[in-house]
Amino acid sequence: MQRRFFLTGALTTVALPACANAPDYSSRPAARPADALIRSAPGADRLVEEAGLGGKVGFVLSDANSGEVLETYNPLRPLPPASVAKAATSLYALETLGAGFRFETRLIATGPIRNGRLNGDLVLVGGGDPSLDSDGLYDLAAQAKAAGVREVTGRLLVDSSALPSIDRIDRTQSDTVGYNPAIGGLNLNFNRVHFSWTRTGSSYTTAMAGRTERFRPAVNTSTMRVVDRSLPVYTYDRVGDVDSWSVARGQLGNTGSRWLPVRNPDLYAGDVLRTMLRTNGIVVPAAQRGGGQGTVIGLTQSASLDRIVNSLLRFSTNLVAEVLGLTATARNAGPPRNLGASADTMSDWVMQRTRARRPDFDDHSGLNGTTRISASDMVELLTAPGAQARLQPLMKELTLDGPPRQPVRAKTGSLNFVSGLAGYFNARSGRQLAFATFCADIDRRAGLSIDQRDRPAGGSAWSRRSRSLQFDLIERWAMVHQ
């Protein structure tokens, strides 16, 4: 069987008549055994075999309310969850911080403001806000102006000590992918810089900017050189506190753009803030790392945590997941040393919160392919008391293309030769069910070089087969478990 998921309301189907001619006989339909639908459903073993994935498959289906296990396949085998890990991180953050929690970013004056002059330093203090953007920094600069600041005698400082500074989520990934940025107490524009280029004759005009819909401030903490070569497309080097990039001339067309990761997010934020202050008539020197105490003259807040989680589960942004996990750990157990230590704390929390046996998270986003959790442990989390009420309304709503159409609230996950799906749906009787399905060919994944990971041979076909298996299992479960 081949099935696809769609966003609810995205597509509709048209029912076609089974026969164009009038029937030869008019009679009531013959009675069918009550279990005919159940007996017509394909067996789970057969579905797994027909998918031909290689590697391992594990799944668990449970009653969402009682936790009763209804169907399993390799339920205890630890497998990489990919972005399904974000569902665990979301529950961890919601229960630790509260749905109404908001991140704050502050602007502090360390001295008095007299006649437009700040006699002291101006300090940008990050609270980890994963949604902070250049517009937010402009609002802080406008608040500084409203507070009477026209001149700063001291320094512009950036304080990102609220969270540990993490160079990148997964060190085995390419330097160039925007979904593997640095993480810290200051996170601007998802810690990505916008690179754009335009060809003018035989040369190129390039720009590196902290771009939003409202502003396109140029930055000095990331630079780009166009180099005469064909490959590699991009190279990265860290020169002091500057992200130094080069791009192959042979790979550029007439015009284009892409987002690149930032490795010095605190100084990047300070760089953009300096431009926004200048726009408001306040001249300051280049930003430095540091902190200080004083008067808050600017404050911006994120949306509430439940809205951030809803966005995370919908768009699966790795930086957001890592910040939520790190912030929850800091509240739970004090500031973590690094990402691995924070993930260990979340693993312990899952075991304490549920009857899970051995979840082993290495990050909060699932980007690191060494994270392991069994389908059984994932469903234990989904069916823990209160978990469904918190998670299900915030999960992305998908619809299995029928007929009948089957709505599902779930989190997807994918890496090279890894695919996961976990969440909630109702059987056709209305019974509420929770499930987790993990597919992984770990040996095939491990054999890929970094250069092969963007588009590995056979990767797309494997992903399609694994997703079809997950959809077909849901269709089976909806029929069988009444």
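Treat the numbers as computed from the prediction; the structure is a model and nothing was measured.

Enquirer: Describe helix 7 (residues 318–333), naming the residues involved and giving the relevant values.
Expert: Across its 16 residues, helix 7 extends 22 Å between first and last C-alpha, which sits within 8% of the 22 Å expected from 1.5 Å per residue. Most of helix 7 is tucked away, with twelve of its 16 residues classed as buried. Buried residues in helix 7 make contact with helix 3 (85–97), helix 6 (305–315) and helix 8 (339–353). Positive backbone phi, at 90 degrees, marks Gly334, one or two positions downstream of helix 7.

Enquirer: Kindly report on the confidence of the model for the protein, identifying the contributing residues and their values.
Expert: Across the protein, the average pLDDT comes to 90, with 91% of residues at or above 70. Below a pLDDT of 50 lies the segment residues 1–34, which in the model reaches 38 contacts outside its immediate sequence neighbourhood of four places, other chains included.

Enquirer: Residues and numbers for the sheet that holds strand 13 (residues 234–239), please.
Expert: Ordered in space as 12-14-13, the three strands form an open sheet in which the pairing is mixed. At either margin of the open sheet sits one strand with a lone partner, and together these are strand 12 (222–227) and strand 13. Along the sheet, successive strands turn relative to each other by an average axial angle of 20 degrees, direction set aside. Across six bridges, the pairing between strand 13 and strand 14 (residues 242–248) is antiparallel. Paired with Arg238 across the two strands is Asp243, which belongs to strand 14.

Enquirer: Can you tell me about the packing of helix 3 against helix 6, naming the residues and giving the values?
Expert: Orientation of helix 3 relative to helix 6, taken along the N-to-C sense of each, is 180 degrees, at an axis distance of 10 Å. Taken together, the axes of helix 3 and helix 6 are roughly antiparallel relative to one another. Here Lys86, Ala87, Ser90, Ala93, Leu94 and Leu97 of helix 3 lie close against helix 6, whose contacting residues are Leu305, Asp306, Val309, Leu312 and Leu313. Split by residue class, the contact of helix 3 with helix 6 holds eight nonpolar, one polar and two charged.

Enquirer: Which residues make up the packing of aromatic side chains, and what values go with them?
Expert: Summed over the entire model, instances satisfying the criterion amount to eleven aromatic pairs. Every member of this aromatic cluster is reached through a ring pair, and the members are Phe59, Tyr73, Phe425, Phe435 and Trp477. The side chain of Arg192 reaches across the aromatic face of Trp259, ending 4.5 Å from its centre.

Enquirer: Tell me about the pairing of strand 21 (residues 432–440), and name the residues and values.
Expert: The buried fraction of strand 21 amounts to eight of the nine residues, a majority that puts the element mostly inside the structure. Sheet analysis places strand 2 (residues 56–63) next to strand 21, joined by eight bridges and oriented antiparallel. Within the sheet, the bridge partner assigned to Asp63 lies in strand 21 and is Leu433. Two strands pair when backbone bridges link them, and strand 20 (residues 418–426) and strand 21 are joined in this way by nine bridges, in the antiparallel orientation. Its bridge partner being in strand 21, Leu421 is matched across the sheet by Thr437.

Enquirer: How would you sum up the pattern of salt bridges? Please name residues and give values.
Expert: The final tally for this structure, using the stated rule, is 18 salt bridges. The closest approach of N and O atoms between Arg289 and Asp266, which form a salt bridge, is 2.7 Å. Highlighted residues: Arg289 in strand 16 (residues 288–289) and Asp266 in helix 5 (residues 265–279), separated in sequence by 23 residues. Judged by relative accessible area, which is 41%, Arg289 ranks as partly exposed. Salt bridges sharing partners connect three or more residues here, namely Asp167, Arg168, Arg171, Asp175 and Arg238.

Enquirer: Before we move on, could you go through the layout of surface pockets and cite the residues and values that matter?
Expert: One number sums up the size of the largest pocket: a volume of about 610 Å³. Together, 28 residues line the largest pocket, and Tyr179, Ser414, Leu415, Asn416 and Arg453 are the ones closest to its centre. For the lining of the largest pocket, a count of residues per class yields eight nonpolar, 14 polar and six charged. The volume enclosed by the second largest pocket comes to roughly 380 Å³. Every residue lining the second largest pocket is counted, 13 residues in all, and those nearest its centre are Ser174, Thr176, Val233, Asp451 and Asp454.

Calculation criteria
- In every chain, residue numbers begin from 1 and rise along the written sequence.
- With pLDDT at 70 or above as the cut-off, local features in this predicted model cover only qualifying residues; side-chain atom pairs require 80 or more to be listed or tallied, and sums for whole chains, interfaces and linings still use all residues.
- Based on all heavy atoms of the structure, the side-chain values leave hydrogens and waters out of the count.
- To qualify as a helix, a DSSP run of H or I must reach at least 4 residues; to qualify as a strand, a run of E must reach at least 2; elements of each kind are numbered from the N terminus.
- The span expected for a helix works out to 1.5 Å for each residue beyond the first.
- Each residue's exposure class comes from its accessible area (1.4 Å probe, protein chains only) as a fraction of the maximum for that residue type: buried when under 20%, exposed when over 50%, partly exposed otherwise.
- Only heavy atoms enter the contact rule, under which two residues are in contact if any of them lie within 4.5 Å.
- The pLDDT value tells you how sure the predictor is about a given residue, anywhere from 0 up to 100.
- Being paired, for any two strands, means DSSP has found at least two bridges between them.
- Under this scheme, a helix contributes an axis fitted over its contacting stretch, all axes are lines through C-alpha atoms, and angles between N-to-C directions fall in the 0 to 180 degree range.
- Throughout this description, any angle smaller than 35 degrees is read as roughly parallel, any larger than 145 degrees as roughly antiparallel, any in the 65 to 115 degree range as roughly perpendicular, and the remainder as oblique.
- Under this grouping Gly is polar, as are all residues other than the nonpolar Ala, Val, Leu, Ile, Met, Phe, Trp, Tyr, Cys and Pro and the charged Asp, Glu, Lys and Arg.
- Classification of ring pairs rests on two measures: the distance between centres of Phe, Tyr or Trp rings, Trp counted by its six-membered ring, which must be within 6.5 Å, and the angle between planes, read as stacked under 30 degrees, edge-to-face over 60 and tilted in between.
- Think of it as a cone above the ring: NZ of Lys or CZ of Arg counts as a charge over the ring if it is within 6 Å of the ring centre and within 35 degrees of the ring normal.
- Salt bridges are identified by distance alone: a Lys or Arg side-chain nitrogen within 4 Å of an Asp or Glu carboxyl oxygen.
- The distinction between a cavity and a pocket rests on a 1 Å grid over the protein atoms alone: a 1.4 Å probe fits inside a cavity but cannot get out, while a pocket stays open yet meets protein on both sides within 12 Å along at least five of seven lines, and a residue with an atom within 4 Å of a point counts as lining.
- Grid points are joined across faces, edges and corners, and a volume is the space filled by probe spheres set on the points.

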